[in-house]
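# Descriptive structure summary
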Amino acid sequence: MTGFRERHPDDTFEGASGVLYEQAMAKTRMAICLCDPHQADIPIVFANAAFRDLTGYEQDEIVGHNCRFLQGPDTDRDAVARIRTAVEKEEVCVVELLNYRKDGTPFWNALHLGPVYDADGRLVYLFGSQWDVTEVRTARADERHARELARELSHRMKNMFAVIGGIVNFTGRARGIEGEAREINERIQALGRAYETTLDDSHRGSVEVGQAVRAVLAPYDPDANCFAFDGNGLRSDFASVSVLGLSLHELAVDSIRHGALASASGRVFVSWTKMTTDEGAAIRIDWVEQGGGPRKVPAAPSDGIVDRMLESARGGIVREWHEDGMRACLNIPLRETAQ
């Protein structure tokens, strides 16, 4: 900053705030430079230490030169044209472009360019800040790849479930057990829905419970007025999602046949949260039916598939029968990696 002040004695920063501004410009970890738009080729007239560290150039290799020395063979010409237009029109410009350090190493530069005016509104300098976003760009590319992979996986899973469903239907007709085959297919479709809406996020190694809950139950609420949901962004491993999806499917089917969803006025409230048990963390699902009238305690709860699934997953379910409807509390263990 001292060298810049000596070369530009008329450009001063007044008072204590001016001193702080100069120190901030010189010492900030963000790479900063000032260019003079009134000189031929708009050379850099000031560059702070962070700019030198970022680019690898020394002060005498920077000052007096146009910023284009950072460009290289793969620098996007369209991005450069946007910068040129912003300079000509005295506009603020934010652009990411590929630049090169002195040793030839490429890096992605998030350039923020804008005009600097004096107290009378005259253009004095062009201000540029540079931020190395190479790692950010790499992360974006990885995420895009993961999403593309997830879409392909989703497509293949849909085909897989369709093939399985076709086999089940064919076998059911051939053996005269169409009803049983239909029930199996409904469970297969519920399992598919539990996964389908969560695949875009699968690269994280876990899926959001709320997405799976809503996807599984959506077909049983075409007018979106039978279910009410309450839950946060709790995440689960894939194994737990399959148990969760099939369990909710069975509860919904049972409610349509015998519970609140058998009545036009019936409603089901579904909530989920993380709980801690003696065995560790688990998903707690509360299923509360209202408006369907009282239900008697069945001699045997359907075919017990929910109980058996949860038991095999080291979870469990507790049902209560009230005057205003059945209530169930499910717990499904969570793996440490999903928490």
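Summary of the structure given here.

Cut-off values and rules
Residues numbered from 1 in each chain as written. Predicted model: local features only at pLDDT ≥ 70, side-chain atom pairs only at ≥ 80, totals over all residues. Heavy atoms only, no water. Helix = DSSP H or I, 4+ residues; strand = E, 2+ residues; numbered from the N terminus. Buried < 20%, exposed > 50% of the residue type's maximum accessible area, 1.4 Å probe, protein only. Salt bridge = Lys/Arg side-chain N within 4 Å of Asp/Glu carboxyl O. Pairing = 2+ DSSP bridges. Axes fitted to C-alpha atoms, helices over the stretch in contact; angles between N-to-C directions. Contact = heavy atoms within 4.5 Å. Parallel < 35°, antiparallel > 145°, perpendicular 65-115°, else oblique. Left-handed = near helix turned anticlockwise from the far one by under 90°. Nonpolar A, V, L, I, M, F, W, Y, C, P; charged D, E, K, R; others polar. 1 Å grid on protein atoms, 1.4 Å probe; cavity = no way out; pocket = protein on both sides within 12 Å on 5 of 7 lines; lining within 4 Å. Points joined across faces, edges and corners; volume = space filled by probe spheres on them. Polar contact = N/O pair within 3.5 Å; in protein donor to acceptor, adjacent residues only side chain to side chain. Expected span 1.5 Å × (residues − 1). Arc of directions from axis to C-beta.

With that settled, the discussion passes to unusual backbone geometry. Although it is not a glycine, I42 adopts a positive phi angle of roughly 45 degrees. Along the chain, I42 turns up in the loop between β1 (31-35) and β2 (44-47). I42 gets classed as partly exposed once you look at its relative accessible area, which sits at 25%. One non-glycine residue, E90, adopts positive backbone phi at about 55 degrees. Here E90 shows up in the loop between α5 (77-89) and β3 (93-100).

For the rest of this paragraph, the subject is the pattern of salt bridges. Under the definition given, this model contains eight salt bridges. R137 is the salt-bridge partner of E96, the closest N and O atoms lying 3.0 Å from each other. You can see E96 sitting in strand β3 and its partner R137 sitting in helix α6 (residues 134-175), a full 41 residues away along the chain. Under the relative-accessibility criterion, E96 is labelled partly exposed at 27%. Exposure remark for R137: the relative accessible area of 27% places this residue in the partly exposed category.

The subject of this paragraph is the sheet that holds β2. Hydrogen bonds between backbone atoms are what pair the strands of a sheet, whose relative direction is either parallel or antiparallel. If you walk across this open sheet you meet the five strands as β2-β1-β5-β4-β3, and the pairing is antiparallel. Each edge of the open sheet carries a strand with a single partner, namely β2 and β3. Put simply, the sheet's adjacent strands are angled 30 degrees from each other on average, direction ignored. By the bridge criterion, eight bridges tie β3 to strand β4 (residues 106-117) in an arrangement that is antiparallel. Note that in β4 the partner of L98 across the bridge is W108. Across the sheet, α5 is in contact with β3, β4 and β5 (123-132); its angle to β3 comes to roughly 135 degrees.

What follows deals with the packing of helix α9 (residues 238-258) against helix α10 (residues 305-312). In contact at an axis separation of 9 Å, α9 and α10 are set at 165 degrees when each is read in the N-to-C sense. Considering their axes alone, α9 and α10 lie roughly antiparallel with respect to each other. Along this stretch, α9 crosses α10, giving a crossing that reads as left-handed. Residue-level inspection shows V243, L246, S247 and E250 of α9 in contact with α10, the latter providing I305, V306, M309 and L310. Residues of the contact of α9 with α10, tallied by class, amount to six nonpolar, one polar and one charged.

The computed volume of the largest pocket comes to approximately 480 Å³. Broken down by secondary-structure element, the contributors of at least two residues to the lining of the largest pocket are α5, β3, β4 and β5. Tallying contributions element by element places α5 first for the lining of the largest pocket, with five residues. Across the lining of the largest pocket, the residue classes break down as 11 nonpolar, six polar and four charged.

Mapped onto the secondary structure, E61 falls in helix α4 (residues 59-62). Note: C-alpha distance between E61 and K102 (41 residues apart in sequence) is 9.9 Å. Among all residues touching E61, those that are not within four sequence positions of it are F69 and K102. Of the polar contacts made by the side chain of E61, one reaches the backbone nitrogen of E58; its length is 2.8 Å.

Okay, α5 next. Given a rise of 1.5 Å per residue, 13 residues ought to cover 18 Å, and the 18 Å separating the end C-alpha atoms of α5 matches this to within 8%. Buried within α5 are the following residues: A79, V80, I83 and A86. With its buried residues spanning 120 degrees around the axis, α5 presents them on a single face. The exposed residues of α5 that point more than 90 degrees off its buried face are D78, E88 and K89.

So, on to the environment of V213. You can see V213 is positioned in helix α8 (residues 209-217). Remark: the alpha-carbon pair of V213 and L244, spanning 31 residues in sequence, is separated by 7.8 Å. If near-sequence neighbours (up to four positions away) are discounted, V213 is found in contact with F229, L244, L248, V270 and W272.

The next subject is the sheet that holds strand β7 (residues 227-231). Reading across from one edge, β7-β9-β10-β12-β11 is the order of the five strands in this open sheet, with mixed pairing throughout. What marks the edges here is a single partner per strand, and that holds for β7 and β11 (316-322). Each strand of the sheet is rotated relative to its neighbour by a mean of 15 degrees, with strand direction disregarded. Bridge analysis of strand β10 (residues 280-290) against strand β12 (residues 325-333) gives seven bridges, and the strand direction is antiparallel. Residue pairing in the sheet places V288 in a bridge with R327 of β12. Sheet contacts for α9: β9 (267-277), β10, β11 and β12; angle to β10, the most-contacted strand, approximately 15 degrees. Here α10 sits on the sheet in contact with β11 and β12, set at roughly 145 degrees to β11.

The quantities given are spatial measurements derived from coordinates; they are silent on function.
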